[in-house]
Protein chains: 2
Amino acid sequence: MTQSSPLSARDRILQTASRLFYREGLRATGIDRIIAESGVAKMSFYRSFASKNDLIAEFLRQRHAAWMQRFRTGVEAGLAIPGAGLEVMADVLEAWFREPDFRGCAFINTLVESGPGDGEEVAIARAHKAELETYVAEVAERLGMLEPASVAAMAMLIIEGAIVRAQMTGDPVVGGLCRILLAQLKAAEASSPP
Amino acid sequence: MTQSSPLSARDRILQTASRLFYREGLRATGIDRIIAESGVAKMSFYRSFASKNDLIAEFLRQRHAAWMQRFRTGVEAGLAIPGAGLEVMADVLEAWFREPDFRGCAFINTLVESGPGDGEEVAIARAHKAELETYVAEVAERLGMLEPASVAAMAMLIIEGAIVRAQMTGDPVVGGLCRILLAQLKAAEASSPP
DNA sequence: AAAGATAGAGACAGGTCTGTATCATTTCAA
DNA sequence: TTGAAATGATACAGACCTGTCTCTATCTTT
């Protein structure tokens, strides 16, 4: 196989597509630009991916894996500190919000861009959020919270709200608000038995 | 002026565009479809609007006014009940979530669809959220809350989170979660003096 | 070193989109 | 009733998009 760059053509395409799809959007990013910035011929692209939708799906799967791993790693590190609760998630999020190229959640953005049609992309986006909620519930249970499922549903609302507010305002202080709200979930549960 | 329909051509265009822009998205909705469903000629369209972007801006301004009025009316009605707090906002939102053609917040969707370019549409979207936050702060102050600005910032996070969760899951039960979280803002402030 | 596979570059077809121009018809006003 | 303006329908130009095809150069393998 021809290997002019350290990465394979497929990986270069995926890397370029990840950057452009997230920064500019799915529809706004054309194949021509992806192959130009990847230094790849069009036919080489279509030998690696059946269609643009295929590339989008692969981008989302890869981003899901990377995002979840980063989130899990950050949260587990925070939970190692005694007394830590769900609010450590806000710190992980805030670090993300502070990145200069932060532009919201790729999966929310995909849902919005895809419209009412329920394509594969939307399914991947929903699956991402479902897996995140499952993880949050698992952490809530590990923390000994009484109703992990309810807590996770509320935490998801807070997390998504923080992401969208960070995207809308561009102000990372949203992370602090998110932290307060997640901490309140603990306090509220302690004071209201089911 | 030619008046075959009860509404003027401009109003018919705006009505059709509002429906399609919200349901299908801004980019996914073409001028051809708007004029076809409005029963209007292309030149008549371009006599009323300078460009598609002009129509989008007008759609957003109109939707902003209508949405704010509806929200204000619902909240004020809820606040008339003694003892009511910010959580009445969740009831207004839940009624919205239950509409069959609910597809999230048009202004969040606009922000996502517009990408990194800061066009007029993005400015209108941000202005909408700013005005909403101002109103929430005003209500918080009226309710005698200690820090209306902080409360409004947190309420905005919760509100946006509820909207996105309702859009993502399609489950109106999100309204109930939103209600609990907004009510907690009151309880939390009462127990934590600045 | 020679032959075959693979790569990049670019032309091309077919589709969609925005915005303009044309033309016959209808509506309003004098 | 007659002339002027507005409307509907449609064709058109220019741009962009996806996906296919061709040609040449380079790399791999034998």
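Just so it is clear, the structure is predicted and the values come from calculations on it, not from any experiment.

Chemist: Got a sec to walk through helix α2 (residues 31-38) of chain A? Specific residues and values, please.
Modeler: Residues and elements named next belong to chain A. When α2 is considered as a whole, its buried residues turn out to be Ile31, Ile34, Ile35 and Ser38. Buried residues along α2 cover an arc of 90° about the axis, so they all sit on one side. Looking at the buried side of α2, the elements it contacts are α1 (9-24), α3 (42-48) and α4 (52-79). Positive phi shows up at glycine 39, right after α2, with a value of about 65°.

Chemist: Can you tell me about the domain arrangement of chain A, naming the residues and giving the values?
Modeler: All names here are of chain A. Splitting chain A by domain gives domain 1 (1-49) and domain 2 (57-191). On a C-alpha basis, the centroid separation for the pair domain 1 and domain 2 is 29 Å. Both faces combined, the contact of domain 1 with domain 2 buries some 1100 Å², and carbon together with sulfur accounts for 58% of it. It is Leu14, Tyr22 and Leu26 that lose the most area in domain 1 upon contact with domain 2, and together they represent 61% of the buried surface on that side.

Chemist: Please set out the relation of the copies chain B and chain A residue by residue, giving values where relevant.
Modeler: By a simple turn and slide, chain B fits onto chain A: the slide is 0.0 Å along the axis, the RMSD is 0.0 Å, and the turn is 180°. Look at the turn and shift together and you get a two-fold axis relating the two. Minimal C-alpha separation from the rotation axis in chain B is found for glycine 161 of chain B, amounting to 1.7 Å. With an isologous cut-off of 70% or more, the 100% of interface residues of chain B that recur at the interface of chain A puts this contact in the isologous class.

Criteria and thresholds
Residues numbered from 1 in each chain as written. Chains lettered and ligands numbered in written order. Predicted model: local features only at pLDDT ≥ 70, side-chain atom pairs only at ≥ 80, totals over all residues. Heavy atoms only, no water. Buried < 20%, exposed > 50% of the residue type's maximum accessible area, 1.4 Å probe, protein only. Helix = DSSP H or I, 4+ residues; strand = E, 2+ residues; numbered from the N terminus. Arc of directions from axis to C-beta. Contact = heavy atoms within 4.5 Å. Domains from an automatic or database assignment. Buried area = accessible area lost by both parts, 1.4 Å probe. Least-squares fit on C-alpha atoms with pLDDT ≥ 70 in both.

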